[in-house]
Amino acid sequence: MAVSTLASAAQVNEENLYRVLRLLASFHIFTEVSPRIFQNNAQSALLRSNRPDCLTPLLLSRTELMYQPWGHVIDTVRHGGSAFTKHHSGRNVWQYLQGNEEQNLLFSQAMISRDSLGKEASLVDYPWHTYRRVLDIGGGFGSFLSSVLEHNSHLTGVLFDLPHVVQNAELFWANQRPRLLVRTTFSAGSFFELLPPAVDGDVYVLRAVLHDWNDENCISLLKSIRAAIADKKARLAILDMVLEETNNDPAKLMLDVHMMAMFDDGKERTRAQLARILQAAGFHISRCVPTRGLYSIVEAEPI
């Protein structure tokens, strides 16, 4: 399509749009098939809104919500604390989202986009079929939970998150996942407090949750799960980018610094660091399952 046509449709400056598209094409995002004529390719197709693995919301969330705090990263390096909180006058990410409906919706959509990255590996490389019920704690709109349920017809699920998140999630499932509603329960609250109690055969899931929090808060959350399990035969599955002691994938280290910018002592952790906070909450690691994606699945059982 001609740049002039795109600029007219988007109501943007034609010359500046061309320069941006030319740059993107140099990174193999779009293809310039002839002067000022561009077409989609495998990379740019991931931006199409009609694809289930569309990454557009994830990229848009990197603008107002996540890009601006990086201007304060130097303060975090010097003094600690969250660059996001400094930029937003003392409000942390969750306080900001709760007071901003537009950004909260974009963030939830971005998490759905993020869940498409490596999701298939996480679904196939771990034996979800051995459980009876999956409790997705801090699961957002529940895109990962819905995928687990779709791949395992005998499973039921519980989606647990903050009240304003669960309210939007129920509407999303009613429109996008209606056939799974009969097997799904929605539960709202703070995961630092009371969680749905376990029954035998349950697995509690924390997918990309612990990296948002410092060790103290992680232990508090894990203790809530331990209390919910009580004496039942249930497990915990943590899906995170587990760091090696050396020679890490740059993508993992980039996300680690991003967590530093966004959250107060948020971080990606090594297996040893995860083991310490799990032990403090009454768990031990039973195994660590690497997947073909960036995530590993750390399985933990009550001590």
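Residues numbered from 1 in each chain as written. Predicted model: local features only at pLDDT ≥ 70, side-chain atom pairs only at ≥ 80, totals over all residues. Heavy atoms only, no water.

Caption draft 1: Summary view of the nonpolar core. Core analysis: the biggest nonpolar cluster contains 42 residues, and W128, W173 and L239 have the highest contact counts within it. Of all the secondary-structure elements, those providing two or more residues to this core are helix 6 (93-98), helix 7 (101-115), helix 9 (143-151), helix 10 (163-176), strand 6 (202-207), strand 7 (235-240) and helix 12 (250-262). Core analysis: the next-biggest nonpolar cluster, separate from the first, contains 31 residues, V158, L195, Y204 and A281 among them. (Core = buried A, V, L, I, M, F, W, Y, C linked by side-chain atoms within 4.5 Å. Buried < 20%, exposed > 50% of the residue type's maximum accessible area, 1.4 Å probe, protein only. Helix = DSSP H or I, 4+ residues; strand = E, 2+ residues; numbered from the N terminus.)

Caption draft 2: A look at the pairing of strand 3 (residues 133-137). Within strand 3, five of the five residues are buried, which leaves it mostly tucked inside the rest of the structure. Taking every second residue as pointing to the same face, both faces of strand 3 are buried, with R133, L135 and I137 on one and V134 and D136 on the other. Alignment of strand 3 against strand 4 (residues 156-161), held across five bridges, turns out to be parallel. Bridged to V134 within strand 4 is G157. Where the polypeptide runs from strand 3 across helix 9 and back to strand 4, its parallel neighbour, the crossover connection is right-handed. In this sheet, strand 6 lies alongside strand 3 in parallel orientation, the contact comprising four bridges. Looking at the pairing, L135 lines up with Y204 of strand 6. (Pairing = 2+ DSSP bridges. Right-handed = clockwise from strand over helix to strand, strands pointing away.)

Caption draft 3: Representation of the packing of helix 1 (residues 3-10) against helix 2 (residues 14-26) in the model. Contact geometry for helix 1 and helix 2: axes closest at 9 Å, N-to-C directions at 115°. Taken as a pair, helix 1 and helix 2 cross one another with a handedness that is right-handed. Residues V3, S4, L6 and A7 of helix 1 touch helix 2, and the partners they reach there are E14, L17, Y18 and L21. Grouping the constituent residues of the contact of helix 1 with helix 2 by class yields six nonpolar, one polar and one charged. (Axes fitted to C-alpha atoms, helices over the stretch in contact; angles between N-to-C directions. Left-handed = near helix turned anticlockwise from the far one by under 90°. Contact = heavy atoms within 4.5 Å. Nonpolar A, V, L, I, M, F, W, Y, C, P; charged D, E, K, R; others polar.)

Caption draft 4: Representation of unusual backbone geometry. The backbone of H28 shows a phi angle near 65°, a positive value even though the residue is not glycine. Tracing the chain through its elements places H28 in the loop between helix 2 and strand 1 (31-34).

Caption draft 5: Local environment of the packing of aromatic side chains. The final tally for this structure, using the stated rule, is 13 aromatic pairs. With a centroid separation of 5.6 Å and an interplanar angle of 80°, the aromatic rings of F84 and Y96 are classed as edge-to-face. Of the two residues, F84 sits in helix 5 (residues 83-87) while Y96 sits in helix 6, which places them 12 residues apart along the sequence. Y96 carries the same exposure label as F84, and that label is buried. For the ring pair F191 and W213, a centre distance of 6.1 Å and an interplane angle of 80° mean the geometry is edge-to-face. One end of the pair, F191, is in the loop between strand 5 (184-188) and strand 6; the other, W213, is in the loop between strand 6 and helix 11 (215-229), and 22 residues separate them in sequence. (Phe/Tyr/Trp six-rings, centres within 6.5 Å; stacked < 30°, edge-to-face > 60°.)

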